[in-house]
Amino acid sequence: MTQKRTEPTRQVAILLSLYNGEVYLDAQLASILAQTHPDWTLYWRDDASTDSSRNRMQAFAEGPGQGRCIEITSRHERLGVAGSYAHLLDTVPVTPYIAFADQDDIWEPQKLEWAVDTAEEAARRYSGEIPLLYCARQYLTNANLVIFQKSSTLRRKPDFPASLTQNIATGHTVLLNAATHTLLRNNPPPPSILHDWWAYLLTTAAGGEVLFDNRCVSYYRQHAHNTVGATGSFIRRAWAACRRGPRAFMTIFHSNVTHLLNQPENLSPPALRLLKTIAAARTFSARLRILFRYSSLRRQRFSETIVFRLWFLFSR
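Residues numbered from 1 in each chain as written. Predicted model: local features only at pLDDT ≥ 70, side-chain atom pairs only at ≥ 80, totals over all residues. Heavy atoms only, no water.

In terms of regular secondary structure, the chain is built from eleven helices and nine strands. Whereas a compact globule of 316 residues would reach a radius of gyration of roughly 20 Å, the chain reaches 20 Å, a difference of no more than 12%. For the C-alpha atoms alone, the extent of the chain along its principal axes is close to 65 × 45 × 35 Å. Of all 316 residues assigned to the chain, the portion counted as buried reaches 52%. (Helix = DSSP H or I, 4+ residues; strand = E, 2+ residues; numbered from the N terminus. Rg over C-alpha atoms; globule rule 2.2 N^0.38 Å. Buried < 20%, exposed > 50% of the residue type's maximum accessible area, 1.4 Å probe, protein only.)

Spacing of three or four residues puts side chains on the same side of an α-helix, whose turn is 3.6 residues. Here helix α9 (residues 269-280) contains twelve residues, and its C-alpha end-to-end distance of 17 Å stays within 8% of the 16 Å for a straight helix at 1.5 Å per residue. For α9, the complete set of buried residues consists of A271, L274, L275 and I278. Taken end-on, α9 shows its buried residues confined to a sector of 95°, consistent with a single buried face. Away from its buried face, by an angle of more than 90 degrees, α9 presents the exposed residues P269, K276 and A280. (Expected span 1.5 Å × (residues − 1). Arc of directions from axis to C-beta.)

The tally for this structure, following the rule as stated, stands at eight aromatic pairs. Look at Y85 and F100: their rings are 5.8 Å apart centre to centre, the planes differ by 75°, and that puts the pair in the edge-to-face class. Here Y85 is found in helix α3 (residues 80-91), whereas its partner F100 is found in strand β4 (residues 97-101), with 15 residues between them in sequence. Both residues of the pair, Y85 and F100, belong to the buried class. A ring pair is formed by F249 and F308, whose centres lie 6.1 Å apart and whose planes are at 80°; its orientation type is edge-to-face. One end of the pair, F249, is in helix α8 (residues 234-261); the other, F308, is in helix α11 (residues 302-314), and 59 residues separate them in sequence. The class for F249 is buried, based on a relative accessible area of 18%. Overall, the relative accessible area of 2% leaves F308 in the buried class. Chaining the aromatic ring pairs together yields one cluster made of F249, F253, F308, W311 and F312. Here R68 stacks its cationic end above the ring of W40, 3.8 Å away from the centre of that ring. Residue placement shows K111 over the ring face of W107; its charged tip is 4.0 Å from the ring centre. (Phe/Tyr/Trp six-rings, centres within 6.5 Å; stacked < 30°, edge-to-face > 60°. Lys NZ or Arg CZ within 6 Å of the ring centre and 35° of its normal.)

Looking at soluble globular proteins, one finds that nonpolar side chains tend to be buried together. Core analysis: the biggest nonpolar cluster contains 81 residues, and I14, L16, M57, L164 and L260 have the highest contact counts within it. In terms of residue count, helix α7 (residues 195-205) provides more of this core than any other element does, seven residues in total. Sequence-distant contacts of L164, that is, excluding residues within four places in its chain, are made with W197, L201, F253, V257, L260, L274, L275, I278 and L297. (Core = buried A, V, L, I, M, F, W, Y, C linked by side-chain atoms within 4.5 Å. Contact = heavy atoms within 4.5 Å.)

Okay, unusual backbone geometry next. Phi at L145 is positive, roughly 70°, even though this residue is not glycine. Checked against the element boundaries, L145 lands in the loop between β6 (132-141) and β7 (147-150).

One pass over the full model with this rule turns up ten salt bridges. The salt bridge partner of D47 is R45, with a shortest N-O separation of 2.8 Å. Across the pair, R45 and D47 agree in class, each one buried. Each of R10, D117 and E120 takes part in salt bridges that share partners, so that together they form one network. (Salt bridge = Lys/Arg side-chain N within 4 Å of Asp/Glu carboxyl O.)

Two elements in contact, helix α10 (residues 284-293) and α11, have axes whose closest approach is 8 Å; the angle formed by their N-to-C orientations is 145°. Contact residues: α10 offers F284, R287, L288, I290 and L291, while α11 offers R309, F312, L313 and F314. Considering only residue class, the contact of α10 with α11 consists of seven nonpolar, no polar and two charged. (Axes fitted to C-alpha atoms, helices over the stretch in contact; angles between N-to-C directions. Nonpolar A, V, L, I, M, F, W, Y, C, P; charged D, E, K, R; others polar.)

With that settled, consider the pairing of strand β2 (residues 40-46). Among the seven residues in β2, seven count as buried, and that is most of the element. Both faces of β2 are covered, namely the face carrying W40, L42, W44 and D46 and the face carrying T41, Y43 and R45. Bridging between strand β1 (residues 12-18) and β2 involves seven bridges; their strand directions are parallel. Across the sheet, the residue bridging to A13 is T41, located in β2. Handedness of the β1-helix α1 (residues 25-33)-β2 crossover: right-handed. The pairing of β2 with strand β3 (residues 69-71) spans three bridges and is classified as parallel. In the strand pairing of β3, Y43 is matched with I70. (Pairing = 2+ DSSP bridges. Right-handed = clockwise from strand over helix to strand, strands pointing away.)

Right, let's get into the pairing of β4. The buried fraction of β4 is high, at five of five residues. Burial of the side chains of β4 extends over both faces: Y97, A99 and A101 are buried on one face and I98 and F100 on the other.

Let us look at the environment of Y97. Within the secondary structure layout, Y97 lies in strand β4. Each C-alpha atom of the pair Y97 and I147 lies 29 Å from the other, and the pair is 50 residues apart in sequence. Filtering out sequence-adjacent residues up to four positions away, Y97 remains in contact with T9, R10, Q11, V12, A13, V116, A119, E120, L175, L176 and N177.

Any link to function would need more than the numbers given here.
Spelled out as structure tokens, the structure:
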């Protein structure tokens, strides 16, 4: 396969956190090595695995990935998924682009090329650098990579109000530019959400742009040990949401609002106004006015939007 020559400004730092991922890790690393965009460095850390994950990663770094892999060893304790990626984001050097990788998925060969091309095309529309976040669809597969469905396409524009209600940026598809990376440095996500949703929230809150690619860029394994999985079944998602109930979701919602309000320097004026309005809305009528005023405070599906709005109106 002929690889494109790239300029230094197209360099990508790939971040990979490992935790007991020995079963699928080799396949993911092979797919990274096969990328048509060759200008990447893989920064990785082991999150206190008890299997051979670290040994397999070291073998890759000393073999096929030699000279392109850097282990982050400044912290050795178990940090969890969100904490581990937050530490990677804090530690890696300034790079034009940051890509998240998971240990158990497989990338299409053009994944990084598509992402960087899309980000650069968007950047040309602006006179200065604004936060950009690229994300995309995936093939949903079983543990053996048998495809059972494509992930959903977007039905509504991903803007800041919408980012408060739902994450559409699946972690291993995400590419960030340096401006978004700056927002994430030394700024870990609130409890109960992961690095991908936090990146989406910060990008939109700062007035940046989310670039959603309708192409499937990866094979997203669904297996018994997913930290966060996906399902193609709306009925199963709805049932799971009903079982969790409004308290869990609205706790996350208001936690995100609070954490964003604590960093007004990172917020655009419209985002700051919305967050202050939500935080001050103590009555049913005040929350109802918010829903009328901010029509994009909604989820991707109409039925899910109805449920969210009922929970927003009646839960506190």
